[in-house]
Amino acid sequence: VSLWELDQRTAKMGFFDDLKAAAIETVQDKVTRELAELGINLNSEEDEDAAATEAEDEVAAEEDDAPEPSAWSKPLKPAASAWSTPLNVTTTSSPPSAHADVPSNTSSVSFPPPDADTTFNEAVQKLWDLDARLTPNKDYKIDVQSSKHPGDAADEPLFTYVKPSIFRTRPTFTTFVALLNNYSAYTGQVENVTEQELQENRAFLNEIMKTAPMKYCHQYCVAKNVTYKGEEISESESEFKRILNSIWFELYSRSGGRKDSSGFEHVFVGEVKNGSVSGFHNWIMFYLEEKRGKVDFRGYIKPRSRESFTAETNDDDPVLTLQFKWNGVEKFVGTSFIGVTPEFEMALYTMAFLAAAEGNENEITLDAGSDKFDLNVKCHKYDRNTKVGSCYVEALAHYE
């Protein structure tokens, strides 16, 4: 399918109108079926790997005191209104707790808007503060094991537990997972985009644009008078979603003519080119591929720290530099956020693509609470600077 044909199809179907309930149910059914094949039961809160683990006990204890579930919690097929109610954003009070149980796209959130003087570092920190990311040792549990050295430094998977209900109750997680199997891993193989996949793309964009991180990302781009294809980004959310679709989902070639790649595929799903893994920077994809037996975690790479001391890497660190094999192909160094929401990473990398002042490399300091990280947010552009080629973070230092 040519890009022109895709443009015509998406325009004809009212691409960014609210999806009908039937289309939403199709996305949910797909995710429920695919995760069930991995032993992840979305109707259960039990740890799918070990029914009596400590992580499960902690989850069960938390759920006893949990608030009444949202419309997305049950049944699996909610009414269309559960998807179409926008996030209410005001600009007067402090941001919500970073580890709130309520998903960021179903809560009223207040935060001060960015302005022309807001730095990229300040904007990234605000995204972090706004993100309703998961809580380590409650919503997920990892085992970092040993630091990488020659050979395999990790006998076990990285992820030992992820709370199944996040894929049911959080629309951005559900719609994100629906996208992950829409691509061929190997460059040079033409990507064939179906009508269903177009619906899944727009379901994801509709959902993330209801969240605080993506609303802040949009406001930041407007405040900075960012241009895309020669035109300033407007305050129109619909137009911003069209830009997101263009930079993340429109296809281009990495292999000399064939439309075999996109920014979303490269960054979040990963690709194999010339015998090595490129991209693949997302923790959810990593977890699911571990469940499928396609990822072999081979250990973490020790971060540097200030005063030349090596910072301790723990099972609750939100940024990890990893080495792993995917389908037998090695990824020698890859840094990923752990436990963050899809909207956080989309917001971060969209800001880096559209509005970062320093171009391809942007060094920042992220205050993650008990840990601080010096990061280089890297963004490479493709197709005459109109599409994401790659976006990721490089861990420069980790200190407490």
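Scroll up a little and you will see the structure.
What comes next is a walk through the structure. Treat the numbers as computed from the prediction; the structure is a model and nothing was measured.

Some points on the environment of Lys229
Phase 1: Structurally, Lys229 can be placed in the loop between strand E5 (227-228) and strand E6 (231-232).
Phase 2: Judged by its relative accessible area of 56%, Lys229 is exposed.
Phase 3: With 156 residues separating them along the chain, Lys229 and Asn385 place their C-alpha atoms 8.7 Å apart.

Observations concerning the sheet that holds strand E13 (residues 372-382)
Phase 1: Taken together, the three strands give an open sheet; going across it, the order is E12-E13-E14, and neighbouring strands pair in antiparallel fashion. Each having just a single partner strand, strand E12 (361-367) and strand E14 (387-399) make up the two edges of the open sheet. Taking the axes of each pair of neighbouring strands and ignoring which way they run, one obtains an average angle of 25° across the sheet.

Structural notes on helix H7 (residues 171-179)
Phase 1: Taken across its nine residues, H7 has nine buried, putting it largely inside the fold.
Phase 2: Along H7, the positions that sit buried rather than exposed are Pro171, Thr172, Phe173, Thr174, Thr175, Phe176, Val177, Ala178 and Leu179.

Considerations on the pattern of salt bridges
Pairing is possible between side chains that carry opposite charge, provided their charged atoms lie close to one another.
Phase 1: Under the counting rule described, the total for this entry stands at 14 salt bridges.
Phase 2: One salt bridge in this structure joins Lys30 and Glu200, with 3.0 Å as the shortest N-O distance. A residue pair is termed long-range when its members are at least 10 positions apart, and Lys30 in helix H2 (residues 21-37) and Glu200 in helix H8 (residues 195-208) qualify at 170 residues. Glu200 shares its class with Lys30; the two are buried.
Phase 3: One salt bridge in this structure joins Asp139 and Lys163, with 3.8 Å as the shortest N-O distance. On the criterion of sequence distance, the pair formed by Asp139 in the loop between helix H5 (120-130) and strand E3 (140-142) and Lys163 in the loop between strand E4 (159-162) and helix H6 (166-169) is long-range, its members being 24 residues apart.
Phase 4: The buried category is assigned to Asp139, whose relative accessible area is 5%.
Phase 5: Through salt bridges with shared partners, a single network forms among Glu250, Asp383 and Lys387.

Considerations on helix H13 (residues 342-354)
Because an α-helix packs 3.6 residues into every turn, residues spaced three or four apart end up facing the same way.
Phase 1: With 13 residues, H13 extends 18 Å from end C-alpha to end C-alpha; this agrees with the ideal 18 Å at 1.5 Å per step.
Phase 2: Burial analysis of H13 places 13 of its 13 residues in the buried class, the great majority of the element.

Section: the packing of helix H10 (residues 237-249) against H13
Phase 1: The geometry of H10 relative to H13 is characterised by a closest axis approach of 12 Å and an angle of 85° between their N-to-C directions. When the axis of H10 is compared with that of H13, the two are roughly perpendicular. Residues Phe240, Ile243, Leu244, Ile247 and Trp248 of H10 form the contact with H13, whose participating residues are Met346, Tyr349, Thr350, Phe353 and Leu354.
Phase 2: Across the contact of H10 with H13, the residue classes break down as nine nonpolar, one polar and no charged.

Quick look at unusual backbone geometry
Phase 1: The backbone of Asn225 sits at a positive phi, close to 55°, despite the residue not being glycine.
Phase 2: The phi dihedral of Asn385 is positive, around 65°, even though this residue is not glycine.
Phase 3: Mapped onto the fold, Asn385 is located in the loop between E13 and E14.
Phase 4: Note on Asn385: relative accessible area 53%, which makes it exposed.

Section: the nonpolar core
Phase 1: In terms of nonpolar packing, the biggest core is built from 96 residues, with Trp248, Phe264 and Phe337 touching the most fellow members.
Phase 2: Among the elements that make up this core, the one with the highest residue count is H13 (nine residues).
Phase 3: When residues no more than four places from it in sequence are discounted, the contact partners of Phe264 are Phe176, Leu179, Leu180, Tyr183, Phe204, Trp248, Phe249 and Val269.

Here's the deal with the packing of aromatic side chains
Phase 1: Counting across every chain of the model gives 24 aromatic pairs.
Phase 2: Relative to Phe264, the ring of Tyr183 has its centre 6.3 Å away and its plane inclined at 35°; by these criteria the two rings are tilted. Residue Tyr183 is found in the loop between H7 and H8, and its partner Phe264 is found in helix H11 (residues 263-269); the two are separated by 81 residues along the sequence.
Phase 3: Taken together, Tyr140, Phe159, Phe167, Phe173, Phe280, Trp283, Phe286, Tyr287, Phe297, Phe324 and Trp326 form an aromatic cluster joined through their ring pairs.
Phase 4: Positioned above the aromatic ring of Trp128 is the side chain of Arg133, whose terminal nitrogen or guanidinium carbon lies 3.8 Å from the ring centre.
Phase 5: Lying across the ring of Phe353, Lys381 places its NZ or CZ 5.0 Å from the centre.

What counts, and where the lines are drawn
- Residues numbered from 1 in each chain as written.
- Predicted model: local features only at pLDDT ≥ 70, side-chain atom pairs only at ≥ 80, totals over all residues.
- Heavy atoms only, no water.
- Helix = DSSP H or I, 4+ residues; strand = E, 2+ residues; numbered from the N terminus.
- Buried < 20%, exposed > 50% of the residue type's maximum accessible area, 1.4 Å probe, protein only.
- Pairing = 2+ DSSP bridges.
- Axes fitted to C-alpha atoms, helices over the stretch in contact; angles between N-to-C directions.
- Salt bridge = Lys/Arg side-chain N within 4 Å of Asp/Glu carboxyl O.
- Expected span 1.5 Å × (residues − 1).
- Parallel < 35°, antiparallel > 145°, perpendicular 65-115°, else oblique.
- Contact = heavy atoms within 4.5 Å.
- Nonpolar A, V, L, I, M, F, W, Y, C, P; charged D, E, K, R; others polar.
- Core = buried A, V, L, I, M, F, W, Y, C linked by side-chain atoms within 4.5 Å.
- Phe/Tyr/Trp six-rings, centres within 6.5 Å; stacked < 30°, edge-to-face > 60°.
- Lys NZ or Arg CZ within 6 Å of the ring centre and 35° of its normal.

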